[in-house]
Amino acid sequence: EAGIGLNYLKVCDRARGKDAEGAHEVATGIRAVLGGGAGTFAFEYPCHSAEQERWFLLTVTPLIHDQPKGAVVVHVDITAKRQADDRLRESEVRFRQIAESIRDVFFLHDTADSRMLYVSPAYAAMWGRTCESLYERPASWSETIHRDDQASIKRQFVEEAKAEPWTMEYRIVRPGGEVRWIEARTVPVRDDSGTVVRIAGLARDITEFKRAAQELKESERRFSEMLENVELVSVMLDPEARITYCNEYLLRLTGWRMEELLGRSFIDSLIPPELNGIKETFAKLLAGAPEARHHENEILTRAGDRLLIRWSN
């Protein structure tokens, strides 16, 4: 009963303190509705208690629309909605901080209307195109795919990426003609009914990795050709002294076949039983001891003959 008869506008006009500006705005809004200058008015404001934070939504609606004679003022507690919105905003801020600080490209694609919902700034650095251009033309990323990769990548993205998680590698051609290798991983995002509504993806530049792998492959090829073409015994062992490689020259000298040696212990297969020091020499070799790098010892042929070999390890 304390409020009955009070002039609500004067209460708002007399407000002082940190929320006074909001109270004055409310008074102006109510006057606009009462005077017919506005159809409705709404204002969101905090009203915290000592125990909790609270937010309210004030709405003003004319009592009679054709000839206003008053207004209904309603204050609705929207604390739960405001807290949920704040949590969502915090989550979005954290997401953007992560997505925009990594060198990989993160993107979110809407499957219903083929819109690009989000792409991280790394897209501009990796593709050499602006993020705005991708928002305007969501399919423009596929125009950069190398012509030898286009058919398979476009088909796979349309048919497979919408069904299950997918990893693909392809080349893109940047403005100016530079070719870069891209590895993209996509995950379909489904709604409650199981329908795919979005595709989330991560793309990274693997050009240097590809280049290094190719250089390693070429180096191994040249190394292998060299070992195959010299008349020197060549053997590779793993840390357990198992044979992982041997060349044709060793096979010709000893009479063993490749399939008989690969994966077997070098010491058990080729070293005479009485040469117990070989295990110690191999242990020193693993430890990087200089004295183990050059030494001589006999090996056994398949027929049981002995050959004296000088090793450089």
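Before any of the text, the structure's been laid out above.
Residues numbered from 1 in each chain as written. Predicted model: local features only at pLDDT ≥ 70, side-chain atom pairs only at ≥ 80, totals over all residues. Heavy atoms only, no water.

Chemist: I tried to follow the overall build of the protein chain on my own but got confused; where do I start?
Modeler: When helices and strands are tallied, the protein chain shows 11 helices and 12 strands. In terms of overall dimensions, the protein chain is more spread out than a globule: its C-alpha atoms have a radius of gyration of 38 Å, far above the 20 Å expected for 313 residues. Projected onto its principal axes, the C-alpha positions of the protein chain cover 120 × 50 × 40 Å. For the protein chain, the proportion of its 313 residues judged to be buried stands at 32%. Counted over contacts in the protein chain with a minimum sequence separation of 6, partners at least 24 positions apart contribute 33%. Within the protein chain, one finds 43 positive and 51 negative side-chain charges whose respective centroids are separated by 3 Å. (Helix = DSSP H or I, 4+ residues; strand = E, 2+ residues; numbered from the N terminus. Rg over C-alpha atoms; globule rule 2.2 N^0.38 Å. Buried < 20%, exposed > 50% of the residue type's maximum accessible area, 1.4 Å probe, protein only. Contact = heavy atoms within 4.5 Å. Lys, Arg positive; Asp, Glu negative; His and termini not counted. Charge placed at Lys NZ, Arg CZ, Asp CG, Glu CD.)

Chemist: Can you walk me through the layout of surface pockets in this structure?
Modeler: A water-sized probe rolled over the atoms picks out the places where empty space is left. Considered as a void within the structure, the largest pocket measures approximately 500 Å³ in volume. Residue lining of the largest pocket: 24 residues in total, with Val235, Leu285, Trp311, Ser312 and Asn313 positioned closest to the centre. For the lining of the largest pocket, the elements supplying multiple residues, two or more each, are strand 9 (235-237), helix 10 (266-270), helix 11 (277-286), strand 11 (294-300) and strand 12 (306-312). Looking at which element gives the most residues to the lining of the largest pocket, the answer is helix 11, with five residues. Its residues assigned to classes, the lining of the largest pocket comprises 15 nonpolar, six polar and three charged. Of the voids in this model, the second largest pocket is the one considered here, and its volume is about 300 Å³. If you trace the second largest pocket, you find 13 residues lining it, with Asp19, Gly22, Ala23, Phe43 and Tyr45 closest to the centre. Secondary structure elements with two or more residues in the lining of the second largest pocket: helix 1 (8-13), helix 2 (20-34) and strand 1 (41-46). Residues of the lining of the second largest pocket, tallied by class, amount to nine nonpolar, two polar and two charged. (1 Å grid on protein atoms, 1.4 Å probe; cavity = no way out; pocket = protein on both sides within 12 Å on 5 of 7 lines; lining within 4 Å. Points joined across faces, edges and corners; volume = space filled by probe spheres on them. Nonpolar A, V, L, I, M, F, W, Y, C, P; charged D, E, K, R; others polar.)

Chemist: What exactly am I supposed to notice about the sheet that holds strand 8 (residues 196-205) here?
Modeler: The pairing of strands in a sheet happens through backbone hydrogen bonds and is either parallel or antiparallel. Taken in spatial order, the five strands of this open sheet run 5-4-8-7-6, and their pairing is antiparallel. Two strands in the sheet have a free side with no partner beyond their single neighbour: strand 5 (116-119) and strand 6 (166-173). Direction aside, neighbouring strands of the sheet carry axes that sit 25° apart on average. Bridge count between strand 4 (residues 105-110) and strand 5: three bridges; the pairing is antiparallel. Note that in strand 5 the partner of phenylalanine 107 across the bridge is valine 119. (Pairing = 2+ DSSP bridges. Axes fitted to C-alpha atoms, helices over the stretch in contact; angles between N-to-C directions.)

Chemist: Help me understand the nonpolar core, please; the structure alone is not making it clear to me.
Modeler: Most often, soluble globular proteins have nonpolar side chains that are buried together. Within the largest apolar cluster, 20 residues are counted, with the highest numbers of intra-cluster contacts made by Val105, Val119, Tyr123, Trp127, Trp141, Tyr170 and Ile182. Contributions of two or more residues to this core are made by strand 4, strand 5, helix 4 (122-127), helix 5 (131-136), strand 6 and strand 7 (179-190). Setting aside residues no more than four positions away along its own chain, valine 119 makes contact with Val105, Phe106, Phe107, Cys131, Leu134 and Tyr135. (Core = buried A, V, L, I, M, F, W, Y, C linked by side-chain atoms within 4.5 Å.)

Chemist: Please clarify how the pairing of strand 11 should be interpreted in this entry.
Modeler: Along any regular strand the residues' side chains alternate between the sheet's two faces. Pairing of strand 11 with strand 12 involves seven bridges; the strand directions are antiparallel. Each bridged residue has a counterpart across the sheet, and for leucine 300 the counterpart in strand 12 is arginine 306. Here strand 11 folds back onto strand 12 in antiparallel fashion, the turn holding five residues, of which glycine 304 has a positive phi close to 95°.

Chemist: Would you take a moment to explain the environment of alanine 2 for this structure?
Modeler: Along the polypeptide, alanine 2 turns up in the segment before helix 1. Through-space distance from the C-alpha of alanine 2 to that of proline 239 is 90 Å; in sequence the pair is 237 residues apart.

Chemist: Even after reading the chapter, I still don't get the sheet that holds strand 3 (residues 71-77), so can you show me in this structure?
Modeler: Overall, antiparallel pairing links the three strands, which are arranged 1-2-3 in an open sheet. This sheet does not close on itself; its edge strands, each paired only once, are strand 1 and strand 3. Direction aside, the axes of adjacent strands within the sheet are offset by 20° on average.

Chemist: Please clarify how a nonpolar patch on the surface should be interpreted in this entry.
Modeler: A surface patch of nonpolar side chains, about 370 Å² in accessible area, is lined by Leu63, Ile64, Val72, Val74 and Val76. Its place among the elements puts isoleucine 64 in the loop between strand 2 (55-62) and strand 3. (Patch = residues over 30% accessible without salt bridge, like charges linked within 9 Å, V, L, I, M, F, W, Y side chains within 5 Å. Areas by Shrake-Rupley, 256 points an atom, 1.4 Å probe, with all protein chains shown as cover. Salt bridge = Lys/Arg side-chain N within 4 Å of Asp/Glu carboxyl O.)

Chemist: Before we go on, may I ask you to explain unusual backbone geometry in this structure?
Modeler: Glycine aside, negative phi is the norm for most residues, and most peptide bonds take the trans geometry. Positive phi, close to 60°, is recorded for serine 114, a residue that is not glycine. Here serine 114 lies in the loop between strand 4 and strand 5. Its identity is not glycine, yet alanine 241 carries a phi of approximately 70°, on the positive side. On the secondary structure map, alanine 241 appears in the loop between strand 9 and strand 10 (243-246).

Chemist: Before we go on, may I ask you to explain the environment of leucine 34 in this structure?
Modeler: In this structure, leucine 34 sits in helix 2. Remark: the alpha-carbon pair of leucine 34 and valine 60, spanning 26 residues in sequence, is separated by 9.3 Å.

Chemist: Looking at this model, I keep getting lost on the packing of aromatic side chains. Mind explaining?
Modeler: Here the distance between the centres and the angle between the planes together describe a pair of aromatic rings. On inspection of all chains with the given rule, the structure shows six aromatic pairs. For the pair phenylalanine 106 and tyrosine 118, a centre-to-centre distance of 6.4 Å together with 45° between the ring planes defines the contact as tilted. Here tyrosine 118 lies in strand 5 and phenylalanine 106 lies in strand 4, a separation of 12 residues in the sequence. Summarising the burial analysis for this pair, phenylalanine 106 and tyrosine 118 share the class buried. Among the aromatic residues, those joined into a ring-pair cluster are Phe43, Tyr45 and Phe56. (Phe/Tyr/Trp six-rings, centres within 6.5 Å; stacked < 30°, edge-to-face > 60°.)

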